[in-house]
Amino acid sequence: MGKEQFKQRLERHHDELRWLYMELYQNDDMFGELCSQLYEYDKQRGKDLKQRDLAREKEPDWYKKNDILGMMLYIDNFAENLEGVEQKLDYLEQCQVNYIHLMPFLDTPKGRSDGGYAVADFHKVQPQLGTMEDLKSLTGACHKKGMNVCMDFVMNHTSEDHEWAQKARQGDGEYMSRYFFYKDYSIPAQYEKTVPQVFPTTAPGNFTWLPDAGHFVMTTFYPYQWDLNYQNPRVFNEMVYNFLYLANQGIDVMRIDAVPYIWKELNTPCRNLKQVHTIVRMMRMICEIVCPGVLLLGEVVMEPEKVAPYFGTVEKPECHMLYNVTTMATTWHSVATRDIRLLKLQMDIVNRLPKEYVFLNYLRCHDDIGWGLDYVWLMQYGIGEVSHKKYLNDFLTGQYTDSFARGELYNSDPTSGDARLCGTTASLCGIEKAAFERNDAALAQAVKLDLMLHAYMLTQSGIPMIYSGDEIGQENDYTYHKDPDRCADSRYLHRGRFRWDLAEKRMEKGSVQERLFNGIANLERIRKTTAVFNTDADVWTIETGDNSVLGIIRANASQKLVALFNFSEYDKYVHLEENEESYTDLITGTAVQGKDIQIPAYGAFWLYR
């Protein structure tokens, strides 16, 4: 049955796959090789994974349900190694997590890893984290518990230590053609005219000179990350084989890193080119041929209307899921300004998109917060981009006397005044400052803000993702300042080791950890057992009469939820337009009477009827 099943899946996609492949490469032999290798990886796919594929083919919208809760974690920080993570699955179950994003774990060079995104070997786990056998054991254990496993697949570049890069550095033309090598700066100079810089302060320019090789090589991110040349069909084929090898270890979700950058072309920004969509569409079809149980998650860091094309179309889908990056950044803007108007605008944009689109929603992640806000819209209120970024960064790094936040800047550019922000949810909400000052009232308010933000995140349609440690209020880790391999990268401020000592305190009644852990758990229990949180519900924002209070309605044929979130430190009164006399607040289980509702400082209501 296996071969017949593969043939049916291949036949379903063959014509389009071949057409797209030939459009890019005009190479029949390489396409033939690709198809034959797809069958080899199909044969290598384990029986349990094939059964998982079949079940998910029968229920293709399995990941759109309201019972999925994700958590992203670093293996070494969380439990030392892959085996340790497997031993901690019971804790993750207590967190009600059934989607685990393992941060980069493939082999990378020490000190030149970019947090694991400079891959030296796609078939090898970092030795200190374990082996591929350990990964397969972990994914198998997760599947038995109904958990899904996500990993990062870095398509745009390899480490300079990768076998291909080493051979290219030695002058092997076959391998040089897999990257962008130039003997002099004339062509790189042309690229630099149109290609923006990702890290203008820490890694300026898009090319690196290699003295030993006598060539420039394209390095969009860091000098030790060499961009792959997808104009070469050998690169596409080999990266597909790496993808399928990893999928066959039991991975359920492949997060494709830096998707918009994949295709490079002179006289363009080398971002979001049409060939990128061709490649992602081919990857989607290849998944459906070999491993239809695997999802594609695209890392596309742009505003929602520019992100949406990466979903593809109903007839020709691309990514299954994308990150809701702009809404995340606007959330912290709202925390700093106590003004939800821009956030409401962003949510309206997202809510107008087709319900088939699945976004991953999050408060914090492994990365920094970039202030890619709608400054054209803000300008109508006299808010300028440079001055506003400075305000946000100053407030969230505690530079103002009334600021409760404790963050640090990343890639700060003194010339332009631009910078990004780092910090954990707890530290940005004021838990760190209040605990240090032993201010119980401020601590209680910080915990309320933290829980309000989680309730707001869980109200959005899509998949909520918690950053490991947020469930116990883990604060910034300043020890990275003393680590020579990490001190130059302030993102390690929120990449600290998981505090198992704090996790134990989740059992102590009244502790910060207990209030956050049980509070978030309660919100998630409500979410996954209440149909109005399904993705088929209609969602829209409402006017609340106060610029500090965000109002969201979720409704289906028989249920309605009015969600209210106070982003200010003051009690507010909200007048609802509806005529209902009473609701039940799902969060507390209490009745809320009348149209005029008092919502406390940093309070959250899920009003249900």
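To be clear, the structure that these remarks concern was listed above.
Within each chain, residue numbers correspond to sequence positions counted from 1 in written order. This being a predicted model, a pLDDT of at least 70 is required before a residue's local features are given, and a value of 80 or more before pairs of side-chain atoms are given or counted; all residues contribute to the totals for chains, interfaces and linings. Here the side-chain values reflect all heavy atoms present in the structure, with hydrogen atoms and water set aside.

**Let's talk about the overall build of the protein chain**
- Helix and strand assignments come from DSSP, with helices taken as H or I runs of at least 4 residues and strands as E runs of at least 2, each series counted from the N terminus. Per the secondary structure count, the protein chain includes 22 helices and 25 strands.
- For 609 residues, the compact-globule formula gives about 25 Å, and the C-alpha radius of gyration of the protein chain, at 24 Å, lands near that figure.
- Principal axes of the C-alpha set define a box for the protein chain whose edges measure 70 × 60 × 45 Å.
- Three labels apply to residues, based on accessible area from a 1.4 Å probe with only protein chains included: buried if under 20% of the type maximum, exposed if over 50%, partly exposed otherwise in between. Evaluated residue by residue, the protein chain yields a buried proportion of 62% over its 609 residues. Taken over C-alpha atoms, the radius of gyration is set against a globule rule of 2.2 Å times the number of residues to the power 0.38.

**What about the environment of Gln 94?**
- Its place among the elements puts Gln 94 in helix H6 (residues 89-94).
- Among the residues examined, Gln 94 registers a relative accessible area of 39% and is labelled partly exposed.
- In the structure, Gln 94 is positioned 427 residues away from Ala 521 in sequence and 8.4 Å away in space, judged by C-alpha atoms.
- Ignoring sequence-local partners within four residues, the contact set of Gln 94 consists of Arg 506, Met 507 and Phe 517.
- Pairing of N or O atoms within 3.5 Å defines a polar contact, subject to two protein rules: one partner must be a possible hydrogen donor and the other a possible acceptor, and residues neighboring in sequence count only if both atoms are side-chain atoms. A polar side-chain atom of Gln 94 sits 2.5 Å from a polar atom in the side chain of Arg 506. By definition in these notes, contact holds between two residues if any of their heavy atoms fall within 4.5 Å.

**A short note on the pairing of strand S1 (residues 70-73)**
- Residue alternation in S1 divides its side chains into two sets, Gly 70 and Met 72 and Met 71 and Leu 73, and both sets are buried.
- Any two strands are treated as partners once DSSP identifies two or more bridges connecting them. When S1 meets strand S17 (residues 463-467), the two strands line up parallel, connected through three bridges. Bridging across to S17, Gly 70 finds its partner in Met 465.

**With respect to helix H3 (residues 47-58)**
- Given the number of residues in a helix, its expected span is that number minus one, multiplied by 1.5 Å. The first and last C-alpha atoms of H3 sit 17 Å apart over 12 residues, in line with the 16 Å expected at 1.5 Å per residue.
- The set of residues buried in H3 consists of Leu 49, Arg 52, Asp 53 and Arg 56. Buried residues in H3, looked at end-on, bunch into an arc of 105°, giving them a common side. Exposed and oriented more than 90 degrees from the buried face of H3 are Lys 47 and Lys 58.
- Packing partners of the buried residues in H3 comprise helix H1 (2-25), helix H7 (132-144), strand S5 (148-154), helix H11 (233-247) and helix H12 (274-290). Here, the arc refers to the directions that run from the helix axis to the C-beta atoms.

**Focus: the sheet that holds strand S8 (residues 207-210)**
- Sheet architecture is open: three strands sit in the order S7-S9-S8, paired in antiparallel fashion. Bordering the open sheet on either side are strand S7 (181-182) and S8, each of which pairs with just one other strand.
- Pairing between S7 and strand S9 (residues 215-218): two bridges, direction antiparallel. If you follow Tyr 182 over to S9, its bridge partner there is Phe 216.

**Let's talk about helix H15 (residues 341-352)**
- Between its first and last C-alpha atoms H15 spans 17 Å; for 12 residues at 1.5 Å apiece the expected length is 16 Å, and the two agree.
- Restricting attention to buried positions, one finds in H15 the residues Leu 342, Leu 343, Lys 344, Gln 346, Met 347, Asp 348, Ile 349 and Val 350.

**Things to note about the side chain of Arg 554**
- Mapped onto the fold, Arg 554 is located in strand S19 (residues 549-555).
- All tallies of charge rest on Lys and Arg as positive and Asp and Glu as negative; His and the ends of each chain are not included. By convention in these notes, a salt bridge is any Lys or Arg side-chain nitrogen within 4 Å of a carboxyl oxygen on Asp or Glu. No salt bridge is formed by the buried Arg 554. Its closest oppositely charged neighbour is Asp 536, at 6.6 Å.
- Looking at Arg 554, its side chain comes within polar contact range of the main-chain oxygen of Thr 459, at 2.9 Å.
- Looking at Arg 554, its side chain comes within polar contact range of the main-chain oxygen of Asn 534, at 2.9 Å.
- Filtering out sequence-adjacent residues up to four positions away, Arg 554 remains in contact with Thr 459, Gln 460, Ser 461, Val 532, Phe 533, Asn 534, Ala 537, Asp 538, Val 539, Gln 559, Lys 560 and Leu 561.

**Description of the packing of helix H20 (residues 440-459) against helix H22 (residues 512-529)**
- Axis geometry follows a simple rule: fit a line to the C-alpha atoms, using only the stretch in contact for helices, then measure angles between N-to-C directions, giving values from 0 to 180 degrees. Their axes nearest at 10 Å, the elements H20 and H22 cross at an angle of 20°. Accordingly, the angle class assigned to the pair H20 and H22 is roughly parallel. For the pair H20 and H22, the sense of crossing is right-handed. Contacts between H20 and H22 pair Leu 443, Ala 444, Val 447, Asp 450, Leu 451, His 454, Ala 455 and Leu 458 from the former with Val 512, Arg 515, Leu 516, Gly 519, Ile 520, Leu 523, Glu 524 and Arg 527 from the latter.
- Broken down by class, the residue content of the contact of H20 with H22 amounts to 10 nonpolar, two polar and four charged. Any angle from 65 to 115 degrees is called roughly perpendicular, while one under 35 is roughly parallel, one over 145 is roughly antiparallel, and all others are oblique. Each crossing gets its handedness from the near helix: less than a right angle anticlockwise from the far helix is left-handed, clockwise is right-handed. Lys, Arg, Asp and Glu make up the charged group, whereas Ala, Val, Leu, Ile, Met, Phe, Trp, Tyr, Cys and Pro make up the nonpolar group; the residues left over, Gly among them, are polar.

**Section: the nonpolar core**
- Residues belong to a common nonpolar core when they are buried Ala, Val, Leu, Ile, Met, Phe, Trp, Tyr or Cys residues joined through side-chain atoms within 4.5 Å. Core analysis: the largest hydrophobic core is formed by 173 residues, its most contacted members being Tyr 230, Phe 236 and Phe 565.
- Per-element tally for this core: the top contributor is H12, with 10 residues.
- Those residues in contact with Phe 236 that sit more than four places away from it in its chain are Tyr 21, Tyr 25, Leu 34, Tyr 230, Ile 279, Met 282, Met 283 and Ile 286.

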